[in-house]
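# Per-entry structural report
Single-letter residue listing:
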Number of protein chains: 2
Amino acid sequence: MDLTAATRPLSSAVSAAARLLSARSGLLLRAGKDGLTVGGNDSERAVRLTAEAMVHTDGEVLVPAGPLAETLRMLDDDLVRLVVEGSRLAVRVEGGRYALPLLSRELNLPDMPPKVSEVDGHALVTALRTVAGTAAKDDALPMFTGVRVQSFSRELRLTASDRYRMAVATLPLRSAGEPIDALVPAGLLAETAKQARGTVGLHGDGTRFGLSWAGVAVTTAVLDAGFLSEKLIESSTVDTTVEVAADALAAAVRRVGVYADDRRVLTLEVGDAHLRLASAKQNTGEAEETLKAEVSGGRTSPSFQARYLLDALQGFAGERVRLDIQPGMRACVIRAVEPGEVELTYYVMPMLPR
Amino acid sequence: MDLTAATRPLSSAVSAAARLLSARSGLLLRAGKDGLTVGGNDSERAVRLTAEAMVHTDGEVLVPAGPLAETLRMLDDDLVRLVVEGSRLAVRVEGGRYALPLLSRELNLPDMPPKVSEVDGHALVTALRTVAGTAAKDDALPMFTGVRVQSFSRELRLTASDRYRMAVATLPLRSAGEPIDALVPAGLLAETAKQARGTVGLHGDGTRFGLSWAGVAVTTAVLDAGFLSEKLIESSTVDTTVEVAADALAAAVRRVGVYADDRRVLTLEVGDAHLRLASAKQNTGEAEETLKAEVSGGRTSPSFQARYLLDALQGFAGERVRLDIQPGMRACVIRAVEPGEVELTYYVMPMLPR
């Protein structure tokens, strides 16, 4: 293999592939008449990107992803040459040579499952930012580390929960095809949310799920336990509704949260036309803050983890939200008063007060 | 105590005091006819700042520094009221009350030692950024966690070492007074480097050392073992001199360092008119990069820790540096070819090659 490429785009493609793959895997570089394909796979996922390159000699090599990405990122030269020299892939610029060992592991890039639909990348990224962040980072049950991706005739629904809260987002489908119902690892979708742009293709064949955009294709095995659903959460007994600006509520939660107890729990006291946040900690003092709010229904004072409220409200930045509060230990349901293209519903479980 | 103050400047003063004090200490607030004094002390250091305030009732309280700083930083209101309410200091804005417990520990703010000289704050900050960062973060010997501060008739000299490298900076004194020779905790000086501006006063009385600028006064006990000096390092046997741009060398060290062994050691091979950096690691490959350089003296190939070279070169950003290389395991001496107001000398000990 021997090729010359523009450093920046090549660096972007290699870095994107390295981040989409789970840590320390090998990266496959395949140079042919169509330019360069960068990809990799592990037991769980496969990634494939295309990059432009002037290919002098066709070929295919597997090299460590991290050092290649790091080297390309730090180069100042506009052009870079990648050339196999014995048991090394040499990255060459004027005055510099960086040589990576060729790995010998067998590697093939599986084909993408068929594309069944498309969504707007911006809407998908907006939805994923909140939903993928709601899944647990680490849990014995895959259901709580994945995002359930469901396509219906006109909309895509994304659902995630870590037991203590659940986020559900819907966004319009650009085209309707075979329905998808897959539980996808949240980590991959969180990285996707950092990279995807333009129109994003949704791919699926029952056992695998894939996303594609702007030269990037990602596939992943589908996790079990796809019964994650809003139906798990009771939301029919709302007796109090509060409307308030999401950003003002988030700022108040942050300030009053400084004085919260070790569990970081604070209380929302619903008054006639206001919401009062209160917290207290044995040795740190206490805080209270009152926000004007539109209230309907009875008085109540549920308690919540400050962090969960902040995570939820972040998804509604710049918007007015409605809090549907249910009695007892039932979830508080947060929605935008005037939802946009992406409709987000966030359920936060209350905590026992002190 | 009862006072009203502009939130931003009060927040700045309280945050600065909290950062200059070692972690979780109490903060003294003293309100009187001169406005508000914010300060604190622990076994090692004392800090005192002044802030403007409209004082309604004189008084003095001790409160936890962290929560007060955090609360003030997050407030959106222009004005804030601090008022003692029972056993609490209440921070009040419209719609919000944050109440901190009053601490009972005895606390007094010692007077500053006398001012003996002054330096330009910008020059001091530039010098401290490199020198304070060179001291060890943690070492049984105070000598390696402190910066030796010495004033002579016309210049201030700052010296620090962690055994593996030493930084020495000199800068002009604005006025000459009693000489200072103090070993000062590097952590305090590193924080000072983030805050100091304008003209900085140097204070000393033999057992304490102090700095003052723009309403801030900091004093600290002086550490033992002030014999830290360039004289500890042999630098009379230079046989090779290399001149090169500091930024280009740093960028090359960063790139080649990716391929360095576990000790992160790379070799500088001095040629006739170039400097060649080389590194190799069993499983990661190898790298080499060649920089044009002005060389005088013989060929040599010392090895260095990449990180130490980078720390050293950071102090010479934008400048051309001269490397004086000594034979064997003696230090490499790095200086600017055309030093400015702050004259920095950096000694880096070589490593055994593989």
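Please read these numbers as outputs of a predicted model, since none were measured by experiment.

Reading the values: the criteria
Residues numbered from 1 in each chain as written. Chains lettered and ligands numbered in written order. Predicted model: local features only at pLDDT ≥ 70, side-chain atom pairs only at ≥ 80, totals over all residues. Heavy atoms only, no water. Axes fitted to C-alpha atoms, helices over the stretch in contact; angles between N-to-C directions. Helix = DSSP H or I, 4+ residues; strand = E, 2+ residues; numbered from the N terminus. Parallel < 35°, antiparallel > 145°, perpendicular 65-115°, else oblique. Contact = heavy atoms within 4.5 Å. Buried area = accessible area lost by both parts, 1.4 Å probe. Salt bridge = Lys/Arg side-chain N within 4 Å of Asp/Glu carboxyl O. Polar contact = N/O pair within 3.5 Å; in protein donor to acceptor, adjacent residues only side chain to side chain. Nonpolar A, V, L, I, M, F, W, Y, C, P; charged D, E, K, R; others polar. Least-squares fit on C-alpha atoms with pLDDT ≥ 70 in both. Expected span 1.5 Å × (residues − 1). Buried < 20%, exposed > 50% of the residue type's maximum accessible area, 1.4 Å probe, protein only. Domains from an automatic or database assignment.

Residues and elements named next belong to chain B. Running from N to C, helix 1 (residues 7-20) and helix 4 (residues 186-195) point in directions that differ by 155°, and their axes come no closer than 9 Å. In terms of axis orientation, helix 1 runs roughly antiparallel to helix 4. Along the contact surface, helix 1 presents Ala16, Arg19 and Leu20, while helix 4 presents Leu188, Glu191, Thr192 and Gln195.

Before going further, it helps to examine the interface of chain A and chain B. With 28 residues of chain A at the interface, the matching set in chain B holds 28 residues. Summing both sides of the interface, chain A and chain B together bury roughly 2,400 Å²; the carbon and sulfur share of this comes to 50%. Connecting chain A to chain B are 6 salt bridges. Residues Arg97(B) and Glu286(A) are paired through a salt bridge, measuring 3.3 Å at the closest nitrogen-oxygen approach. Inspection of the region where chain A meets chain B yields 18 residue pairs in polar contact (both at pLDDT 80 or more). Those elements that provide at least two residues to the side of chain A that touches chain B are helix 2 (65-74), strand 9 (96-101), helix 5 (246-257) and strand 21 (285-292) of chain A. Looking at side-chain class alone, the side of chain A that touches chain B contains 12 nonpolar, 7 polar and 9 charged residues.

Turning our attention to the relation of the copies chain A and chain B. Mapping chain A onto chain B leaves a residual RMSD of 0.0 Å; the transformation is a rotation of 180° accompanied by 0.0 Å of translation along its axis. Accordingly, the operation relating the two chain copies is best matched by a two-fold axis. When you check the interface residues of chain A against chain B, 100% turn up at the interface there too, and the contact is symmetric in its surfaces.

Here we come to helix 1 (residues 7-20) of chain A. Between the first and last C-alpha of helix 1 of chain A there are 20 Å, a value that for 14 residues agrees with the 20 Å anticipated at 1.5 Å per step. Residues Thr7(A), Leu10(A), Ser11(A), Ala13(A), Val14(A), Ser15(A), Ala16(A), Ala17(A) and Leu20(A) constitute the buried set of helix 1 of chain A.

Turning next to the domain arrangement of chain A. Residue and element names in this part refer to chain A. Considered domain by domain, chain A is made up of domain 1 (2-101), domain 2 (115-226) and domain 3 (233-348). Each side of the interface is counted separately: domain 2 has 17 residues, and domain 3 has 13 residues. Here domain 2 and domain 3 share an interface that buries about 1,200 Å² over both sides, 57% of which is from carbon and sulfur atoms. Summed over the three residues of domain 2 that lose the most area to domain 3, namely Thr130, Arg165 and Met166, the buried surface amounts to 43% of that side. Among the salt bridges present, the one from Arg165 reaches Asp311, with a minimum N-O distance of 2.9 Å. Counting every contact that joins domain 2 to domain 3 gives 6 residue pairs in polar contact (both at pLDDT 80 or more). Those elements that place two or more of their residues in the side of domain 2 that touches domain 3 are helix 3 (121-134) and strand 13 (165-172).

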